[in-house]
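A structural walkthrough
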Amino acid sequence: MNTPLLNATGIALVTALALTACVYRGGPGESAPPASAVAAVADSAQGARLYAAECAGCHGVTAQGTANGQVPALAGQHRSVIIKQLHNYREGERWDARMESLMQEHRYSGEGQIEDVAAYLAGMRMAPAGGGPGGETEISARGASVFVHECASCHGPRGEGSETKVVPRLAGQQYMYLRRQLHDAIDGRRPNFPHDHIARLAPLDVDDIDGLAEYLSELAP
Ligand code: HEC
Ligand code: HEC
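Procedures and definitions
- Residues numbered from 1 in each chain as written.
- Chains lettered and ligands numbered in written order.
- Predicted model: local features only at pLDDT ≥ 70, side-chain atom pairs only at ≥ 80, totals over all residues.
- Heavy atoms only, no water.
- Near = heavy atom within 4 Å.
- Polar contact = N/O pair within 3.5 Å; in protein donor to acceptor, adjacent residues only side chain to side chain.
- Helix = DSSP H or I, 4+ residues; strand = E, 2+ residues; numbered from the N terminus.
- Nonpolar A, V, L, I, M, F, W, Y, C, P; charged D, E, K, R; others polar.
- Donors = N, O, S within 2.8 Å, 3.2 Å for Na, K, Ca; no water.
- Tetrahedral: all angles 85-135°; square planar, octahedral: opposite > 155°, others 65-115°.
- Buried < 20%, exposed > 50% of the residue type's maximum accessible area, 1.4 Å probe, protein only.
- pLDDT = per-residue confidence, 0-100.
- Contact = heavy atoms within 4.5 Å.
- Domains from an automatic or database assignment.
- Core = buried A, V, L, I, M, F, W, Y, C linked by side-chain atoms within 4.5 Å.
- Salt bridge = Lys/Arg side-chain N within 4 Å of Asp/Glu carboxyl O.

Moving on: the site of ligand 2. Around ligand 2 lies a shell of 21 residues, among which Cys-151, Cys-154, His-155, Arg-190 and His-197 are the nearest. Separating an oxygen atom of ligand 2 from a side-chain N or O atom of Gln-85 is a distance of 3.0 Å. Looking at the shell around ligand 2 element by element, the count peaks at 4 residues for helix α10 (residues 175–186). A per-class count over the shell around ligand 2 returns 12 nonpolar, 5 polar and 4 charged.

Structure below.
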């Protein structure tokens, strides 16, 4: 493996990281991705190669994640959301040992690689994960009702999220992953979640959360 400070590429990457640190804080509640990331022209083919080599082993070749709730689907997720989350792992504002160590390795310090992989993933098609093990209609209807009243104003009427507002697509996401993120957010284990978002989730009971995860994971993006 290359030693980061001993070659020109390494110096360029370290410089890029330092510059990024000046303009991008990624703090709790932040709603905008770095302007440089949005403006950049990403190379999706390069992103595909990076994805196959470094990400597909966990996230899956078609980026659909895993049903056990550990690994999220990434296919069809918004570019701005992927870029923000990768920055947050790199800067320790979202906790997960696997993603944090990956992003903190020297070779992911470059903005170009992050933008390329995000462009590739945003262009992929997400297939609906298809609900939890129970799959009950009743709980799904409960989730649909909570979603319309409490969540759709930001996440969109069909859970499609928003590229410009940096709101994640939830439609089609893995059921167990959605459940875990909602519980993690409420219990303070996902520090990059905005405080007002946690306040919205806190009053939900276990059946509301199961229902939301059921409803959203069944939705076709
Ligand atoms: C060792 C397994 C592993 C590898 C390799 C891996 N990931 Fe992940 N990734 C995970 C896990 C587990 C999570 C969920 C962590 C959590 O709960 O915060 C995750 C979460 C993410 C998220 C957040 C998604 C969301 O909906 O908020 C993004 C974006 C992401 N990974 C992108 C990537 C990219 C891009 C690569 C390759 C450069 C990659 N991952 C490689 C395991 C992995
Ligand atoms: C005011 C706008 C807003 C409302 C209302 C809102 N959200 Fe969110 N939600 C966001 C934003 C922005 C994020 C991204 C947070 C981050 O950057 O990590 C997010 C993230 C999430 C995530 C994490 C997705 C992932 O891929 O890891 C889940 C799950 C979620 N919201 C569910 C909900 C549910 C369920 C409701 C309704 C009870 C809701 N949200 C209401 C804006 C909102």
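Glancing now at the coordination of the iron atom of ligand 2. His-155 (NE2) and His-197 (NE2) make up the full set of protein donors to the iron atom of ligand 2, lying at 1.9 to 2.0 Å. Each of the 6 donor atoms around the iron atom of ligand 2 contributes to a set of angles spanning 84 to 180 degrees, which defines the coordination as octahedral. Taken as a pair, His-155 in helix α9 (residues 152–155) and His-197 in helix α11 (residues 195–201) lie far apart in primary sequence, 42 residues in all. Judged by relative accessible area, which is 10%, His-155 ranks as buried.

Another point: the coordination of the iron atom of ligand 1. Distances from the iron atom of ligand 1 to its protein donors, namely His-59 (NE2) and Met-99 (SD), fall within the range 2.0 to 2.3 Å. If you look at the iron atom of ligand 1, its 6 donor atoms make angles of 83 to 179 degrees with each other, and the shape they trace is octahedral. You can see His-59 sitting in helix α4 (residues 56–59) and its partner Met-99 sitting in helix α6 (residues 97–104), a full 40 residues away along the chain. For the pair His-59 and Met-99, a shared accessibility class is recorded, and that class is buried.

Quick look at the confidence of the model for the protein chain now. The predicted model of the protein chain has a mean per-residue pLDDT of 83, with 79% of residues at 70 or higher. For the protein chain, the element scoring lowest by mean pLDDT is helix α1 (residues 8–23), at 38; α9 scores highest, at 98. Long-range and interchain partners of residues 1–32, a stretch whose pLDDT sits below 50, account for 36 contacts in this model, where long-range means more than four residues apart. Taken together, the stretch residues 35–39 has pLDDT below 50 and engages in 6 contacts with residues farther than four places along the chain or on a different chain.

Right, let's get into the site of ligand 1. Near ligand 1 there are 22 residues, and of these Cys-55, Cys-58, His-59, Arg-94 and Met-99 occur at the shortest range. At a separation of 2.7 Å, an oxygen atom of ligand 1 approaches a polar side-chain atom of Arg-94. The separation between an oxygen atom of ligand 1 and a polar side-chain atom of Arg-180 is 2.9 Å. Contributions of two or more residues to the shell around ligand 1 are made by α4, α5 (79–90), α6 and α10. The element contributing the most residues to the shell around ligand 1 is α5, with 4 residues. For the shell around ligand 1, the class distribution of residues is 13 nonpolar, 4 polar and 5 charged. Both domains that meet at the shell around ligand 1, namely domain 1 (4–122) and domain 2 (137–218), each give it at least three residues.

What follows covers the nonpolar core. Residues Tyr-51, Ala-63, Leu-86, Met-99, Met-103, Val-117 and Leu-121 are the most contacted members of the largest nonpolar core, which totals 21 residues. Contributing elements (two or more residues each) for this core: α3 (44–54), α5, α6 and α7 (111–122). Contacts of Ala-63, omitting those with residues within four sequence positions, involve Tyr-51, Ala-73, Leu-74, Ala-75, Leu-121 and Met-124. Residues Cys-151, Leu-178, Leu-212 and Ala-213 belong to the second largest nonpolar core, which totals 20 residues.

Below, the discussion takes up the pattern of salt bridges. Evaluation of the coordinates by the stated rule reveals 10 salt bridges. The residue Glu-111 makes a salt bridge to Arg-90 at a minimum N-O spacing of 3.4 Å. Of the two residues, Glu-111 sits in helix α7 while Arg-90 sits in helix α5, which places them 21 residues apart along the sequence. On the basis of relative accessibility, which here comes to 13%, the residue Glu-111 falls in the buried class. The residue Asp-96 makes a salt bridge to Arg-98 at a minimum N-O spacing of 2.8 Å. Of the residues examined, Asp-96 reaches a relative accessible area of 17% and is grouped as buried. For Arg-98, a relative accessible area of 47% puts it in the partly exposed group. Taken together, the salt bridges that share partners define one network made up of Arg-142, Asp-205, Asp-207 and Asp-208.

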